[in-house]
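# Descriptive analysis of the structure
One-letter residues, chain by chain:
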Amino acid sequence: MRRRLILGNWKMHKTVSEAEATVQDLLDRMKDYRGPYEWGIAPPFTAISALRTLREGTSMLLGAQNCHPEPQGAFTGEISVTMLQDLGVDFVIVGHSERRHIFGEDDAFIARKVRAVLDHGMTPVLCIGERLEEREQGHTEAVVKHQLLGSLAHVSPEEIPRVVLAYEPVWAIGTGKTATPETAQEVHAFIRTVLRDLGADAEEVTILYGGSVKPENVTNLTRMPDIDGALVGGASLQSQSFAHIINAAFPNA
Ligand code: PGA
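These lines cover the structure that appears in this document, whether it is placed above or below. (Residues numbered from 1 in each chain as written. Predicted model: local features only at pLDDT ≥ 70, side-chain atom pairs only at ≥ 80, totals over all residues. Heavy atoms only, no water.)

### Points about the sheet that holds strand β2 (residues 38-42)
An order of β1-β2-β3-β4-β5-β6-β7-β8 is seen for the eight strands of this closed barrel, with the pairing classed as parallel. The sheet shows a mean angle of 25° between the axes of neighbouring strands, direction not considered. Of the pairings in the sheet, the one linking strand β1 (residues 5-9) to strand β8 (residues 229-232) comprises four bridges and is parallel in character. Across the sheet, residue Leu5 finds its bridge partner in β8, namely Gly229. (Pairing = 2+ DSSP bridges. Helix = DSSP H or I, 4+ residues; strand = E, 2+ residues; numbered from the N terminus. Axes fitted to C-alpha atoms, helices over the stretch in contact; angles between N-to-C directions.)

### Things to note about the packing of aromatic side chains
Within the structure shown, the criterion is met by one aromatic pair. Lys14 extends its terminal NZ or CZ atom over the ring of Trp10, reaching a point 5.1 Å from the ring centre. If you follow Arg99 out to its NZ or CZ, it ends over the ring of Phe103, 4.1 Å from the centre. (Phe/Tyr/Trp six-rings, centres within 6.5 Å; stacked < 30°, edge-to-face > 60°. Lys NZ or Arg CZ within 6 Å of the ring centre and 35° of its normal.)

### What to know about the pairing of strand β7 (residues 207-210)
Covered by surrounding structure in β7 are Ile207 and Tyr209 together with Leu208 and Gly210, the residues of both alternating faces. Pairing of strand β6 (residues 164-167) with β7 involves three bridges; the strand directions are parallel. Across the sheet, residue Ala166 finds its bridge partner in β7, namely Leu208. (Buried < 20%, exposed > 50% of the residue type's maximum accessible area, 1.4 Å probe, protein only.)

### Concerning the packing of helix α5 (residues 107-119) against helix α7 (residues 140-151)
Two elements in contact, α5 and α7, have axes separated by 7 Å at closest approach and are oriented at 50°. The orientation of α5 relative to α7 falls into the category oblique. Packed against α5, whose contacting residues are Asp107, Ile110, Ala111 and Val114, the element α7 presents His146, Gln147, Gly150 and Ser151 at the interface. (Parallel < 35°, antiparallel > 145°, perpendicular 65-115°, else oblique. Contact = heavy atoms within 4.5 Å.)

### So, the pattern of salt bridges
For the structure shown, the criterion picks out 20 salt bridges. For the salt bridge of Arg2 with Glu203, the shortest nitrogen-to-oxygen distance reads 3.3 Å. One end of the pair, Arg2, is in the segment before β1; the other, Glu203, is in the loop between α8 (181-197) and β7, and 201 residues separate them in sequence. Accessibility expressed as a relative area gives 11% for Arg2, which makes it buried. Asp228 serves as the salt-bridge partner of Arg192, at 2.9 Å between the closest nitrogen and oxygen. Taken as a pair, Arg192 in helix α8 and Asp228 in the loop between α9 (218-222) and β8 lie far apart in primary sequence, 36 residues in all. (Salt bridge = Lys/Arg side-chain N within 4 Å of Asp/Glu carboxyl O.)

### Quick notes on the site of the ligand
In the vicinity of the ligand there are 13 residues, among which Lys11, His96, Glu168, Gly174 and Ser212 approach most closely. Between the ligand and Lys11, the relevant distance is 2.7 Å, taken from an oxygen atom to a side-chain nitrogen or oxygen of the residue. Between the ligand and the protein, one listed contact pairs an oxygen atom with a backbone N or O atom of Ser212 at 2.7 Å. Contact with the protein chains removes 95% of the 280 Å² of surface that the ligand exposes when unbound. Residues belonging to the shell around the ligand are distributed by class as follows: four nonpolar, seven polar and two charged. (Near = heavy atom within 4 Å. Polar contact = N/O pair within 3.5 Å; in protein donor to acceptor, adjacent residues only side chain to side chain. Areas by Shrake-Rupley, 256 points an atom, 1.4 Å probe, with all protein chains shown as cover. Nonpolar A, V, L, I, M, F, W, Y, C, P; charged D, E, K, R; others polar.)

### Some remarks on the side chain of Asp107
Of note, Asp107 is situated in helix α5. If sequence neighbours within four positions are ignored, Asp107 has contacts with Arg100, His146, Gln147, Gly150 and Ser151.

### Some thoughts on the side chain of Ser151
Here Ser151 is to be found in helix α7. Among the polar contacts listed, one links the side chain of Ser151 to the side chain of Arg100, at a separation of 3.5 Å. One polar contact links Ser151 to Asp107, side chain to side chain, over a distance of 3.1 Å. Each residue touching Ser151, except ones within four places of it in the same chain, is listed here: Arg100, Asp107, Ile110, Ala111, Val114 and Leu126.

What follows is the structure in C-alpha cells.
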C-alpha cells in the first residue's frame, strides 16, 4: 500500500515564533485526526529545531525544503543532508520548481540530492512539472519524463517506491489556477507508466499533486485514482486552512 500524504511547504515564510504558533494551533486541531493521510510541514531551516520540539509525540512529519548533497564542505550558505538528519527531519523537498527556475538547479544536481536524502534515511519529495509554454506546446509528457529520468538517475528500480513524487505544474503554483482533477490525473497516470518502464513497482509509489491546492479543491483532486495526496504552499500557512485540507482529503484513497 502506498503512502497517502498531505505536506505543507512554507517556502520563505514565518519567523521562529510565528512557526511555533501556527504549529501549536495545527497540532490542537489535528489531535483527534485518525484519517488515512499522514501529514507534515516543511518550514524554513531556521524553524526546524523549534518545531522538532513541538511535534514530539505527535504524528506530524517534519520536513526541509532543500538540502545540499554533500555531508559537509566549503559550500557557503548551504545545509547538508547530515545536518537535516541530525535535526530529526523526515522528508526533504527536492527539485521544487522555484529551485529549478529561480536558482538554476538542474536534474543532475537534483539527482545527487535524491540519492543523499535516501542514504540518510529520509524521504525525498521530488518535484517535477511543466511550465505553461511547455504545456501549450504539447510537451508536458516529454518534460515530465525527462525530469523523472534525470532526477532518478542514481536510484535503483527497487528503491523508487522510497521516493515520494510531487507533480506540480509550474503554471498552477501560487497562481490560484489549479489543474483540473482530470488534467492532474492524466499526468499522474503517465508518471506511473514512466516508473513502470524504469522497472519500478509503480503501484507502490506515492505521487502528490501540488499547485494552488485549497480546502475547496482537495477532495476532488484526491478522489482521482493516481493522486495520493498534496503538496500545499500558500494554503498551508494558516493552520485552519491546512487542517481543513487534511480533513477534506478523500477518505477512501
Ligand atoms: P501553492 O504552492 O500551493 O502556493 O500553489 C505549491 C508548491 O509550490 O509546492
